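# Descriptive analysis of the structure
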Amino acid sequence: MASSRMLTVDPSLSEPRGHGLRLRSWDAGSDDDAQTWLRGILDAEFQRWNTPLTLWTDLEGARESLRGRARDAREGRSASFRITDEENGTALGHIGVNEINLPLKLARIGYWVLPEARGRGVATRALLLASRWAFAELGLHRLELGHAARHAASCRVAERGGYAYEGLLRGAMFEAGRHDTFRDAHLHARLATDAEPAADGR
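In this report, the structure presented in the accompanying data block is examined. (Residues numbered from 1 in each chain as written. Predicted model: local features only at pLDDT ≥ 70, side-chain atom pairs only at ≥ 80, totals over all residues. Heavy atoms only, no water.)

### Details of the sheet that holds strand S5 (residues 106–113)
Spatial strand order, S1-S2-S3-S4-S5-S6-S8-S7: 8 strands in an open sheet with mixed pairing. The outermost strands of the open sheet, each flanked by one partner alone, are strand S1 (17–18) and strand S7 (164–174). In terms of strand pairing, strand S4 (residues 91–101) meets S5 through 7 bridges, oriented antiparallel. Within the sheet, the bridge partner assigned to Gly93 lies in S5 and is Val113. Its contacts with the sheet put helix H1 (residues 31–42) on strand S2 (21–25), strand S3 (79–85), S4 and S5, and the angle it makes with S5 is roughly 90 degrees. Running over the sheet, helix H4 (residues 122–138) touches S1, S2, S3, S4, S5, strand S6 (142–148) and strand S8 (182–191) and is turned about 35 degrees from S4. (Pairing = 2+ DSSP bridges. Helix = DSSP H or I, 4+ residues; strand = E, 2+ residues; numbered from the N terminus. Contact = heavy atoms within 4.5 Å. Axes fitted to C-alpha atoms, helices over the stretch in contact; angles between N-to-C directions.)

What follows is the structure, encoded as structure tokens:
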């Protein structure tokens, strides 16, 4: 079986749509995409629950981050989607299918939603779309989703997206803003054979 690095993952070929959303590739050459990406990763709520290895703080850094994601897609390591409103194209957030391992038919899902789009079920609906895409287009069997143990909102998104809670991972994530201190995480997962839940708009 081919390794994941031999697969080109191109979200733009399908641009999943449904549940009032459209998922499309990020464009590092777009000022709007770079500004949206930067606004998302500098948001206080994002930083409360996520600690990137490199936190970009300007537009050129955002573009470099997006270029890195495009390289990962070309090399089959991940697929990154800009979550947009299906009707008007307004940016709502991000969802990624990461750490793709084709031999094991496994990947990990991560997402964030812009402040003005929260409370509308965007993350859950995007999770349903991205999961369907990953199972159908990549032939994956298992998708994992991890979040900080105290992040109740992300826990609800996972459960509404059909990701069963599988346990507590001790010291599995960086603490907010630190690379030398760790916190516990919840592990959720969904299998291709699991029933897809309905999008309830929450």
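### Notes on the pattern of salt bridges
Taken as a whole and assessed by the stated rule, the structure comprises 19 salt bridges. Residue Glu45 is joined to Arg48 by a salt bridge in which the shortest nitrogen-to-oxygen separation is 3.7 Å. With Glu45 and Arg48 both in helix H2 (residues 44–49) and 3 residues apart, the pair spans about one turn of that helix. Residue Arg48 is classed as partly exposed on the basis of its relative accessible area of 47%. The salt bridge partner of Arg142 is Glu144, with a shortest N-O separation of 2.9 Å. (Salt bridge = Lys/Arg side-chain N within 4 Å of Asp/Glu carboxyl O. Buried < 20%, exposed > 50% of the residue type's maximum accessible area, 1.4 Å probe, protein only.)

Remember that the coordinates give geometry; whether it matters functionally is a separate question.
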